[in-house]
Amino acid sequence: MNKLRALVVDDNIINQMIHHRLLDNLGIENQVVGNGKEAVDVHSSGTYFDVILMDMDMPIMNGIEATKKLREMGIRSFIAGVTTRALEQEKGEFMEAGLDDYQEKPLTTAKLLSILHKINHSGIHNFS
Amino acid sequence: MDNTNQVRQQVANMRRSLFDQGYLDDQFIQLEDLQDDANPKFVEEVVTLYYNDSARLIQNIEQALFNRPIDFGKLDDYMHQFKGSSSSIGAKKVKIECQQFRVYCIAGNADGCSRTFQQIKQEYACLRRKLQTYFQLVSQAGQAESA
């Protein structure tokens, strides 16, 4: 069975370290980038990810802009917004950008498993 | 063997007190759960990274509070980042003070921000001291076990 591949998009180096380890711990290959533009660039190079953990507040290109851009590019990966923003309006704006799921930080193993469970049920996952 | 048990007990007691006294919350346990034989010092590494990285944010906040007029928007952004990092390591008291700071920030209350920031720095420094002691004890316990 092919391993899942994930992309962590977060400018905070503590969260990068934790999310990378969370994914490692579940046997998920993963790459880490520091902002939305880097997330778009890595996809432009042809790399595919089964799941993207997208932070909202990032410099250069934030999570909302990056999600919109990835969807415009035809990227159908499961994108989970992971942010500390708790206001309904902010969450709504992020979801409307094209998220498949939304989790509040800090991310935990339970929240990550919840995301993976939704991937299995959504059928978006594409083994390549 | 007695020495090993003694140090192990000290570690357990100190760990419990950090939670009982409200310095740490469940997020710290999440980090502990990510520690294994391949990553034996993961928690200490994350905490070290937190203190190294957040020094920059503390400086930014200090400068932003010093500037006139105060840019409360920028101040809130810096504090949002700092609160996020603090929350990610389970720094409960620090996080609570950060939440209070943001209330004052949104209200444009410079005095409230300054006072709360002093509290934040105190809690931040206090937690650092306690965690340094804790990790030293953990290291001693590891050495005692392998002796």
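Here is what the cut-offs are and how they apply
Residues numbered from 1 in each chain as written. Chains lettered and ligands numbered in written order. Predicted model: local features only at pLDDT ≥ 70, side-chain atom pairs only at ≥ 80, totals over all residues. Heavy atoms only, no water. Salt bridge = Lys/Arg side-chain N within 4 Å of Asp/Glu carboxyl O. Helix = DSSP H or I, 4+ residues; strand = E, 2+ residues; numbered from the N terminus. Buried < 20%, exposed > 50% of the residue type's maximum accessible area, 1.4 Å probe, protein only. Phe/Tyr/Trp six-rings, centres within 6.5 Å; stacked < 30°, edge-to-face > 60°. Arc of directions from axis to C-beta. Pairing = 2+ DSSP bridges. Axes fitted to C-alpha atoms, helices over the stretch in contact; angles between N-to-C directions. UniProt positions renumbered as here; feature names shortened; annotations may be inferred. Contact = heavy atoms within 4.5 Å. Buried area = accessible area lost by both parts, 1.4 Å probe. Polar contact = N/O pair within 3.5 Å; in protein donor to acceptor, adjacent residues only side chain to side chain. Nonpolar A, V, L, I, M, F, W, Y, C, P; charged D, E, K, R; others polar.

**Notes on the pattern of salt bridges**
Inference 1: Scanning all chains against the criterion turns up 13 salt bridges over all chains.
Inference 2: The salt bridge involving D36 of chain B is made with R21 of chain A; its shortest N-O contact spans 2.8 Å. One end of the pair, D36 of chain B, is in the loop between α2 (26–33) and α3 (42–66); the other, R21 of chain A, is in helix α1 (residues 13–25), on a second chain.
Inference 3: For R21 of chain A, a relative accessible area of 6% gives the class buried.

**Structural notes on the packing of aromatic side chains**
Residue and element names in this part refer to chain B.
Inference 1: Under the counting rule described, the total for this entry stands at 9 aromatic pairs over all chains.
Inference 2: Here the aromatic rings of Y50 and F82 are separated by 6.3 Å at their centres, their planes lie at 25 degrees, and the arrangement is stacked. Of the two residues, Y50 is situated in helix α3 and F82 in helix α4 (residues 72–88); the sequence distance between them amounts to 32 residues.
Inference 3: For Y50, a relative accessible area of 0% translates into the label buried.
Inference 4: Relative to F117, the ring of F101 lies with its centre 6.3 Å away and its plane at 65 degrees, an arrangement referred to as edge-to-face. Of this pair, F101 sits in helix α5 (residues 92–106) while F117 sits in helix α6 (residues 110–146), and the two are 16 residues apart along the sequence.
Inference 5: Its relative accessible area of 0% is what places F101 among the buried residues.
Inference 6: On the basis of relative accessible area, F117 is assigned to the buried category, the value being 1%.
Inference 7: Each member of the aromatic cluster is reached from another via a ring pair, and the members are Y50, Y51, F82 and Y124.

**Topic: α2 of chain B**
Residue and element names in this part refer to chain B.
Inference 1: Inspection of α2 places Q27, F28 and L31 among the buried residues, and these make up the whole buried set. The buried side chains of α2 occupy one side of the element, clustering within an arc of 105 degrees when seen end-on. Every exposed residue of α2 that faces more than 90 degrees away from the buried side is listed here: D26 and D33.

**Notes on the sheet that holds strand β1 (residues 5–9) of chain A**
All names here are of chain A.
Inference 1: What the 5 strands build is an open sheet, ordered β2-β1-β3-β4-β5; its pairing is parallel. At either end of the open sheet lies a strand with only one pairing partner, and these are β2 (29–33) and β5 (101–104). The mean inter-strand angle of the sheet, taken between neighbouring strand axes irrespective of direction, is 20 degrees.
Inference 2: Taken together, the 4 bridges between strand β4 (residues 78–83) and β5 define a ladder with parallel strand orientation.

**What about the UniProt feature "domain: HPt" (unreviewed entry) in chain B?**
Inference 1: Taking the numbering used here, the UniProt-annotated feature "domain: HPt" (unreviewed entry) corresponds to residues 39–134 of chain B.
Inference 2: Annotation note: span residues 39–134 of chain B, helix share 85%, strand share 0%, distance between end C-alpha atoms 18 Å.

**Observations regarding the interface of chain A and chain B**
Inference 1: Taken together, the contact between chain A and chain B spans 16 residues of the former and 20 residues of the latter.
Inference 2: Taken over both partners, the interface formed by chain A and chain B buries close to 1,600 Å², and the fraction arising from carbon and sulfur atoms is 62%.
Inference 3: A per-residue breakdown of the area chain A buries against chain B is headed by I14, M17 and R21 of chain A, which together make up 39% of the total.
Inference 4: Taken together, the connections running from chain A to chain B amount to 1 salt bridge.
Inference 5: Across the chain A-chain B interface, the total number found is 6 residue pairs in polar contact (both at pLDDT 80 or more).
Inference 6: Looking at which element gives the most residues to the side of chain A that touches chain B, the answer is α1 of chain A, with 8 residues.
Inference 7: Here the side of chain A that touches chain B is composed, by residue class, of 7 nonpolar, 6 polar and 3 charged.

**Comments concerning the environment of M14 of chain B**
Residues and elements named next belong to chain B.
Inference 1: Relative to the helices and strands, M14 resides in helix α1 (residues 2–20).
Inference 2: As a C-alpha pair, M14 and K130 span 116 residues in sequence and 8.8 Å in three-dimensional space.
Inference 3: Contacts of M14, omitting those with residues within four sequence positions, involve K130, T133, Y134 and L137.

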